[in-house]
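# Structural features, examined
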Amino acid sequence: PSNVPSQHQILPRRLFPDQKSKWTAIVEDIIQRHSQGQPILVGTRSVKASETLSTRLSERNISCRVLNAVRHHAEARIISHAGERGNITVATNMAGRGTDIMLQEGIAQLGGLHVIATECHESRRIDRQLFGRSARQGDPGSACSFVSMEDELLCRYIPTKIRKAIQQGLEHHIPGADMAAEQTVHWAQHSAQKIAFKQRSSVLRTDTWLEDSLSFAHGDIE
């Protein structure tokens, strides 16, 4: 059990038919929360995505701090200030791991740090790590993920016909399309994790075989 009761609020996943509508919704959500002074940490899967979001926000006269593989200097310092009033921090999902994000005075009353995942990762564990940046040690906080049917995860693991069908359903607001899209995300992550498990098992078997073979050879030499 946690030391203090959790106030972490995981909001329902937001689903979109394409990348354009997804990024538009992300920018609007950031602007709305920023206008209230709530600090926001945005997690991206790639350097390109973080730079693209930074450009979109700049076009709306909204400044943000970008932390990615290109701008990795003072990583911990940038992440540690993510809980200050009005701050928008855009970072690749794994940036600043292990850094405590302390909330500035008065931020708890605004809902605490809000975390946005701009795309799901192959591993749910990494998604959970990103969401875990907010609501630390009993502080309030929230998190939400945005997914489109054109995201890399779905393009890689979901057949095109299925993606296109769900895309049409989301575009025309067909009943049940959201539920189908949600199940598709779970399916894609499950497929990705299953493949990763097989790859790790194969590497382990190879390592074990090499260790046994080298040990046998070493014994013959002695």
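Please refer to the structure placed before this passage.
So, here's what we can say about the structure.

Reading guide: rules and limits
Residues numbered from 1 in each chain as written. Predicted model: local features only at pLDDT ≥ 70, side-chain atom pairs only at ≥ 80, totals over all residues. Heavy atoms only, no water. Phe/Tyr/Trp six-rings, centres within 6.5 Å; stacked < 30°, edge-to-face > 60°. Helix = DSSP H or I, 4+ residues; strand = E, 2+ residues; numbered from the N terminus. Buried < 20%, exposed > 50% of the residue type's maximum accessible area, 1.4 Å probe, protein only. Expected span 1.5 Å × (residues − 1). Arc of directions from axis to C-beta. Contact = heavy atoms within 4.5 Å.

### Describing the packing of aromatic side chains
This model, assessed by the stated rule, comprises one aromatic pair. Geometrically, the ring pair formed by F16 and F146 is stacked, given 6.0 Å between the ring centres and 0° between the ring planes. One end of the pair, F16, is in strand β2 (residues 14–16); the other, F146, is in strand β7 (residues 140–148), with 130 residues separating them in the sequence. For F146, a relative accessible area of 0% translates into the label buried.

### Things to note about helix α2 (residues 47–59)
With 13 residues, α2 should cover 18 Å at 1.5 Å per step; its first-to-last C-alpha distance of 19 Å lies within 8% of that length. Within the sequence span of α2, burial applies to A49, S50, L53, S54 and L57. Seen along its axis, α2 keeps its buried residues to an arc of 135°; they face one direction. Opposite the buried face of α2, by more than 90 degrees, sit the exposed residues K48 and E59. Contact partners of the buried residues in α2: α1 (19–35), β3 (40–44), β4 (65–67) and β5 (88–92). After α2 finishes, the residue N61 shows a positive phi value of roughly 60°.

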